[in-house]
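Summary of the model geometry
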Amino acid sequence: MNGLESQVRRIAEPIAKALCLDIVDVECHGKGDKTIVRVFVEKEGGVGIQDCEQFHHSLGRALDVADPVSHAYRLEVSSPGLDRPLKQRKDYDQAVGLNIRVKVHAPVQGKGTVIGQLTEVDDRGITLQVPARKSRTSQRVVLEWDAVAQTKREIEW
């Protein structure tokens, strides 16, 4: 996370907490007046448009006062969606029992992506139950945190 993202997160956290929202991620892109500050929020039961509007209004005022961006910028607030990346430990804890797609830094069993049910999360990493290719069995795959490049929920339609 870069310095601006950290500053925005620090300003946004108490506002989100007061509105019963959780900040999922903060992204800052662009330069000069083309800068976009994007904050993703969620809450139990789901985030509605009114939640986003209220948070956007409150955060916009707070950013104007704190002035972490000294030039024009665009503030965007939204829900991250079902297939958002899992980034923090709490994201993984909440996803236990769900199917996830994990991109790994080095191939696991010859593959750069592991798909399976998240069964365990601990300080060392995550454990998945991965279906075997040609049988109805599954195997347990343990991935240390250092091996994980990116994780998303595997959405089944």
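Refer to the preceding data block for the structure.
Residues numbered from 1 in each chain as written. Predicted model: local features only at pLDDT ≥ 70, side-chain atom pairs only at ≥ 80, totals over all residues. Heavy atoms only, no water.

Let's talk about the overall build of the chain
Keep this limit in mind: Numbered from the N terminus, helices here are DSSP runs of H or I no shorter than four residues, and strands are runs of E no shorter than two. Contact criterion: two residues are considered in contact whenever any of their non-hydrogen atoms come within 4.5 Å of each other.
Secondary structure summary: the chain contains three helices and eight strands in total. Starting at the N terminus and walking to the C terminus, you meet the elements of the chain as α-β-β-α-β-α-β-β-β-β-β. Within the chain, contacts between residues separated by at least 24 positions form 48% of all contacts whose residues are at least 6 apart in sequence.

Considerations on the state of the cysteines
Cysteine pairs can be linked by a disulfide, which is a covalent bond between their two sulfur atoms. Put simply, the test is: Note on terminology: disulfide denotes any pair of cysteine sulfur atoms within 2.5 Å.
Taken as a whole, this structure holds zero disulfides when the rule is applied. Cys 52 takes part in no disulfide bond, and the closest cysteine sulfur, belonging to Cys 20, lies 14 Å away.

As for helix α1 (residues 3-18)
So the rule is basically this: By definition here, a helix of n residues has an expected span of 1.5 Å times n minus one.
With 16 residues, α1 should cover 22 Å at 1.5 Å per step; its first-to-last C-alpha distance of 24 Å lies within 8% of that length. Cys 20 sits one or two positions beyond α1 and adopts a positive phi of about 60°.

Some remarks on the sheet that holds strand β4 (residues 99-108)
Applicable threshold: Here, strands pair whenever DSSP counts at least two bridges between them. Note on geometry: axes are C-alpha line fits, over the in-contact stretch for helices, and angles between N-to-C directions span 0 to 180 degrees.
If you trace the five strands from one edge of the open sheet to the other, you get β7-β6-β5-β4-β8, paired in antiparallel fashion. Two strands lie at the open edges of the sheet, namely β7 (138-144) and β8 (148-153), each paired on one side alone. When the angles between neighbouring strand axes are averaged without regard to direction, this sheet yields 40°.

Some points on the packing of α1 against helix α2 (residues 49-66)
Applied cut-off: Note on terminology: angles under 35 degrees are roughly parallel, angles over 145 are roughly antiparallel, angles of 65 to 115 are roughly perpendicular, and the others are oblique. Crossing handedness: left-handed means the near helix sits turned counterclockwise from the far one by under a right angle, and right-handed means the same turn made clockwise. In this classification, the charged set is Asp, Glu, Lys and Arg, the nonpolar set is Ala, Val, Leu, Ile, Met, Phe, Trp, Tyr, Cys and Pro, and all remaining amino acids, among them Gly, are polar.
For the pair α1 and α2, interaxial distance at closest approach is 10 Å and the crossing angle is 135°. As judged from the angle between their axes, α1 and α2 are oblique. Crossing hand, α1 versus α2: right-handed. Here α1 contributes Val 8, Ile 11, Ala 12, Ile 15 and Ala 16 to the contact with α2, which in turn contributes Phe 55, Ser 58, Leu 59, Ala 62, Leu 63 and Ala 66. For the contact of α1 with α2, the residue count by class is 10 nonpolar, one polar and no charged.

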